[in-house]
Protein chains: 2
Amino acid sequence: MFSTAELGRTIPKSEYRQREPLLRQELLEVQAKLFEDREFPVILLCAGVDGAGKGETVNLLNGWMDPRLLATRAYDKPSDEERGRPEYWRFWRDLPPKGRIGLFLYAWYASPLHGRIHGKDSAAVFDERLARCHAFEEALADDGTLIIKFWLHLSKAVQKKHFKKLEKDPLTSWRVTQQDWDHWNRYEEVEAAAERMIQRTSTGRAPWNIVEAADPAYRSLTIGTTIRDAIRKHFDEFAARRKLREEMALQQHATRQAEHAAESASVNGHASDKGGQSTPLTVLSGLDMTLQLPKRDYRAQLKECQARLNHLHREALKQKLSTILLFEGPDAAGKGGAIRRITAALDARYYEVIPIAAPTDEERAQHYLWRFWRHLSRAGRITIFDRSWYGRVLVERIEGFAAEDEWRRAYAEINEFEEQLTEHGIVLVKYWIHITRDEQLERFKAREKTPYKRWKLTGEDWRNREKWNAYAVAVNDIIEHNSTHNAPWTIVEGNDKCYARIKVVRTLCEQLESAINGSKKH
Amino acid sequence: MFSTAELGRTIPKSEYRQREPLLRQELLEVQAKLFEDREFPVILLCAGVDGAGKGETVNLLNGWMDPRLLATRAYDKPSDEERGRPEYWRFWRDLPPKGRIGLFLYAWYASPLHGRIHGKDSAAVFDERLARCHAFEEALADDGTLIIKFWLHLSKAVQKKHFKKLEKDPLTSWRVTQQDWDHWNRYEEVEAAAERMIQRTSTGRAPWNIVEAADPAYRSLTIGTTIRDAIRKHFDEFAARRKLREEMALQQHATRQAEHAAESASVNGHASDKGGQSTPLTVLSGLDMTLQLPKRDYRAQLKECQARLNHLHREALKQKLSTILLFEGPDAAGKGGAIRRITAALDARYYEVIPIAAPTDEERAQHYLWRFWRHLSRAGRITIFDRSWYGRVLVERIEGFAAEDEWRRAYAEINEFEEQLTEHGIVLVKYWIHITRDEQLERFKAREKTPYKRWKLTGEDWRNREKWNAYAVAVNDIIEHNSTHNAPWTIVEGNDKCYARIKVVRTLCEQLESAINGSKKH
């Protein structure tokens, strides 16, 4: 694999001096357009053998390009806050927003490579971890991110010569560390691991470029032109992609309008809010919506559940077991009330409620999962999402904010995301609190009548109500795709608030308990 | 102080039931207006004796108000990332943006109170720490934040009765902890510390409200009405303040125009770019701008300095000594070039360059110092600000983005901020790289000629150049106010780039060295 990077290619000084100014100018031009359009971010990832010039490349690119639009990211061992969250938390946090470039050193490849080279991880584990790198890059590429990866290569002989030369001068000897020599001694193992890594993660949309790095002039110009060409090509592809998406959106809109017309015709003569639309058969159809709990029992059981929850909460904290809850459901289903019954039993230092509304502009400039990653709390804490990443396949799908290919892709992306949470040991509890359409109408009317509840009711709630069936279908799709063994959905029959709240708190207790017992066994 | 909160005030159930709905509605109304206007944030701070109902108050306010616009913040012991930064980092991070409410439990008062009650801190240290709470709140209040603080009080006898009652029921006994009884045993000490705290930090703009907490109905209505009235009053004050500010801005504008006219008249007949404006006498006037370093010496010295810097950098990392560098200076002074000479000697994992440009909307919704707090890096790291918080008293002052009272106040706010950095042990190095007006013109012209440097030159640079003297005066004011013993400014004569870069790197080495030696002695 690397023999093509040991050909001894060099570029004479005179040629370099001639080509460099033009290349710099072109790089600046693509960078300026990138920032002006703000349509996608660029990820440059740089890895390679020691002494091949990764640090020099960082300095070079920061010198050639506008450093204000280029953020360099290199990673040391994780801090305790980082260890307390899934491995990729810190990479998500550092992703460049649209229009900017992130220059990553090793990043998500560091730990898999290290684990393999130092014999910690088996070949199978290595492959698994590479698959995660791949999935991460795919998710970003799907979202439009341009990813360019460089592996800087030196032959074993050239590497040795290079180290020796640096070591001879006391002023540059600091550049060569003991680790460099350690790696040199196991050059073959490093090479084998790198080869496997490149094989597994060099894809059409996130390719590895192997760069012969012995001659700085050749290396610099190669990296520079690769970046220039890749960004230029991405401009064109992105424009084509945007056009395609616009066309699809138009088409979808036409389809929706036709559906709407057909629907209106079929309900002709019915009162529009009286079940005129025939309800589609979904997982929600089979629920027993008459389930209820008398108020007196409710009070006693709530007290009991909350005492149990508090006990489990403290135990989880001791074990550094994190919990993530998310609540979805129709408007007025009682999500807020259920959340408050949980938080009443918790210590305010250890939980956080994250209401999900429209994204801020920092969030809009990122992948849609970014704003959920940023809110993951530390080990032992409870994070409660009031609405969640499922918005992608609910409101964004139904309102057309996400294109069809985007929301269809989201099911897999969400599974990947949730897998990272549960693999990290996080207890993930997902609630769909359901109410019937009639019950919702009752609650809307009650809200209108109670002055201090009126704020909860907006025009949007009434509009959403019109899309009841579309939501039912969307929920059905969610349960089908995203109710996994590790992260099952809990559907709560919510027509009776007392019944629903007890089911919510009790489910949480059960899942916490089994996680605590599970982790005790280990 | 607390006797007025032991009067046994209660509110009958019937009265509560009557008043509660109206109060909830009013609270929702002020909250809605707050969010609509997005003019200022609200901080509610809740503290008090154990069992007085802090947790219940959190639940109450989350139930009464729109919880999506109300974030609750309670704090446990700091994580290692938090310990690696100044104490207030986590509070800054959690401040509510304009239009929203932050409900803080103890927060910045927790550690001072704890330190005093458990005998760790002397009365003098306690007072000092309270002064910091006070300064923090003043800075926020100056920026428009409304701050309302509650101390929930119970007499010793009532507290005991309350604990006993909770303990009797196995389902509520979890609410009483050993720490609660410990605090009860030292009730008098807690009371004395609280009294001192309230004395020292109850100001007109961030008053403490002592609430008799024995009766939940009385407590709830008192807190609710206090919040409602305070926000309403702040609406009026804020409108008045805005009006005043607008008038002042108009006046300032008129003054500036008059000055400009006078200036134009006086330079009548001179070429506009030839020093026509008489240069004001400032700290910059006395610089020897002819200082230079031959290129050959430069190369040798740079290599030496970088080797020394790398050594010190690794030593600082070992000692977890953080460094913050900031660079200011006229356009084209060579800030970027100097920064790259530093980073070339550093390990990319341990430094970050933060270019300061226009704030994002998340940043704009916060106090102007918030975006600098958010970028402080962990212990042992180097953070390099390319432009900085001094923008407040440079560009924002000169362009009128900050009103006069705002930028005048900023000198003290910046000193307070930098004091927190240096007190935490951070090495703070502040560079003003200076060039003469003629040299700047040369460099602008050169940039225009070199294609790959042209991007560095914008219309704004030419416009800023017109304000040369205003900047000189502003820099003079900065040196006067903000060159403190702990955080001195380094003025770099920048006409010769070689000389300037060596001075920059060498100054950093010296300051790092003295900090390392200083901390070794301890």
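Scroll up for the structure.
In this text the structure is predicted, and so the values were computed from the model without any measurement. Along each chain, residue indices are assigned from 1 in the same order as the chain's sequence is written. For naming, the first written chain is A and the first written ligand is 1, with later ones following in the order written. A pLDDT threshold of at least 70 governs which residues receive local features in this predicted model, and a stricter bar of 80 or more applies before side-chain atom pairs are shown or counted, although totals over entire chains, interfaces and linings include all residues. Side-chain measures were taken over the full set of non-hydrogen atoms in the model, leaving aside hydrogen atoms and water.

To continue, consider helix α1 (residues 13–37) of chain A. Residues and elements named next belong to chain A. If you check α1, its first and last C-alpha atoms are 36 Å apart, about what 25 residues at 1.5 Å a residue would give, namely 36 Å. Of all bends in α1, the biggest is about 30°, found at R19, and the proline P21 comes one to four residues later. Whether a residue is buried, partly exposed or exposed follows from its accessible area with a 1.4 Å probe, protein chains only, as a fraction of its type maximum: under 20%, in between, or over 50%, in that order. Where helices and strands are cited, they refer to DSSP runs of H or I of at least four residues and of E of at least two residues respectively, numbered from the N terminus. Among all positions in α1, only Y16, E20, L23, R24, Q25, E26, L27, L28, V30, Q31 and L34 are buried. For a helix, the expected span equals 1.5 Å multiplied by the residue count minus one. Fitting one axis to the seven residues ending at a residue and another to the seven starting there, the bend at that residue is the angle between the two axes.

Another point: empty space enclosed by the protein. Here the idea is plain: a probe the size of a water molecule rolls over the atoms and shows the empty space left. All names here are of chain A. Using protein atoms alone on a 1 Å grid, points that fit a 1.4 Å probe yet trap it form a cavity, whereas open point sets bounded by protein on both sides within 12 Å along at least five of seven lines form a pocket; residues with an atom within 4 Å of a point count as lining. Grid points are joined across faces, edges and corners, and a volume is the space filled by probe spheres set on the points. Counted under the stated rule, the structure contains 7 cavities of 30 Å³ or more. When its volume is computed, the largest cavity comes out at roughly 80 Å³. Residue lining of the largest cavity: P41, I43, L95, P96, K98, L140, D143, T145, A365, Q366 and H367, and that is the complete set. A per-class count over the lining of the largest cavity returns 6 nonpolar, 3 polar and 2 charged. When its volume is computed, the second largest cavity comes out at roughly 70 Å³. Note that Gly is not counted as nonpolar here; it falls among the polar residues with everything else outside the nonpolar set of Ala, Val, Leu, Ile, Met, Phe, Trp, Tyr, Cys and Pro and the charged set of Asp, Glu, Lys and Arg. Tallied by class, residues from the lining of the second largest cavity come to 6 nonpolar, 3 polar and 2 charged.

The subject of this paragraph is the relation of the copies chain B and chain A. For this overlay, a least-squares fit was computed on C-alpha atoms, restricted to residues scoring pLDDT of at least 70 in both copies. Overlaying chain B on chain A yields an RMSD of 0.0 Å, the required transformation being a rotation through 180° with an accompanying axial translation of 0.0 Å. Within this description, the copies of the chain are treated as partners about a two-fold rotation axis. A share of 100% of the interface residues of chain B reappears at the interface of chain A, consistent with the copies meeting face to face through the same patch. By definition, residues are in contact when any of their heavy atoms lie within 4.5 Å.

The next subject is unusual backbone geometry. In terms of backbone geometry, most residues other than glycine have negative phi values and most peptide bonds are trans. A positive phi angle is found at R38(A), which is not glycine, with a value near 50°. Along the chain, R38(A) falls in the loop between α1 and β1 (42–48). With relative accessibility at 47%, the residue R38(A) sits in the partly exposed group. Its identity is not glycine, yet K320(B) carries a phi of approximately 55°, on the positive side. Following the sequence through the fold, K320(B) ends up in the loop between α11 (295–318) and β6 (323–328). The exposed category is assigned to K320(B), whose relative accessible area is 62%.

Let us now look at the sheet that holds strand β8 (residues 382–386) of chain B. All names here are of chain B. Strands were regarded as paired on the criterion that DSSP finds at least two bridges between them. Reading across from one edge, β7-β8-β6-β9-β10 is the order of the 5 strands in this open sheet, with parallel pairing throughout. Whereas interior strands pair on both sides, the edge strands pair on one side only; in this sheet they are β7 (351–355) and β10 (489–493). In this sheet, neighbouring strand axes are inclined to one another by 20° on average, regardless of whether the strands run parallel or antiparallel. Under this scheme, a helix contributes an axis fitted over its contacting stretch, all axes are lines through C-alpha atoms, and angles between N-to-C directions fall in the 0 to 180 degree range.

Residue and element names in this part refer to chain B. Residue placement: T201 occurs in helix α9 (residues 187–201). In this structure T201 comes out as buried when scored by relative accessible area, which is 0%. Any pair of N or O atoms that falls within 3.5 Å is considered a polar contact. Within protein, one atom must be able to donate a hydrogen and the other to accept it, and sequence-neighbouring residues count only if both atoms are side-chain atoms. Reaching out from T201, the side chain makes a polar contact with the backbone oxygen of M197 at a distance of 2.6 Å. Filtering out sequence-adjacent residues up to four positions away, T201 remains in contact with Y109, L130, C133, E137, K149, A206 and W208.

Right, let's talk about a positive patch on the surface for a bit. Residues and elements named next belong to chain A. Candidate patch residues must exceed 30% relative accessible area and have no salt bridge, after which like charges are joined if within 9 Å and Val, Leu, Ile, Met, Phe, Trp or Tyr side chains if within 5 Å. Accessible areas in this description were obtained via Shrake-Rupley with a 1.4 Å probe; residue shielding takes into account the shown protein chains only. Whenever a carboxyl oxygen of Asp or Glu lies within 4 Å of a side-chain nitrogen of Lys or Arg, that contact is scored as a salt bridge. In this count, Lys and Arg are taken as positive residues and Asp and Glu as negative ones, while His and the chain termini are left out. In plain terms, the charge of a residue is placed at NZ if it is Lys, CZ if Arg, CG if Asp and CD if Glu. On the surface, K295, R296, R299, K453 and K497 cluster together into a patch of positive charge. Sort the elements by how many residues they give to the positive patch and helix α11 (residues 295–318) lands first, with 3 residues. Here R299 shows up in helix α11. The exposure class of R299 is exposed, given its relative accessible area of 55%.

All right, on to the pattern of salt bridges then. With the rule as written, the count across this model stands at 94 salt bridges over all chains. In this structure, E493(A) engages K503(A) in a salt bridge whose closest nitrogen and oxygen atoms are separated by 3.1 Å. Of this pair, E493(A) sits in strand β10 (residues 489–493) while K503(A) sits in helix α20 (residues 497–521), and the two are 10 residues apart along the sequence. Under the relative-accessibility criterion, E493(A) is labelled buried at 10%. The class for K503(A) is partly exposed, based on a relative accessible area of 23%. The closest approach of N and O atoms between D66(B) and R68(B), which form a salt bridge, is 3.0 Å. Look at the salt bridges and you will find they share partners, linking E138(A), D142(A), R205(A), D405(A), R409(A) and E413(A) into a network.

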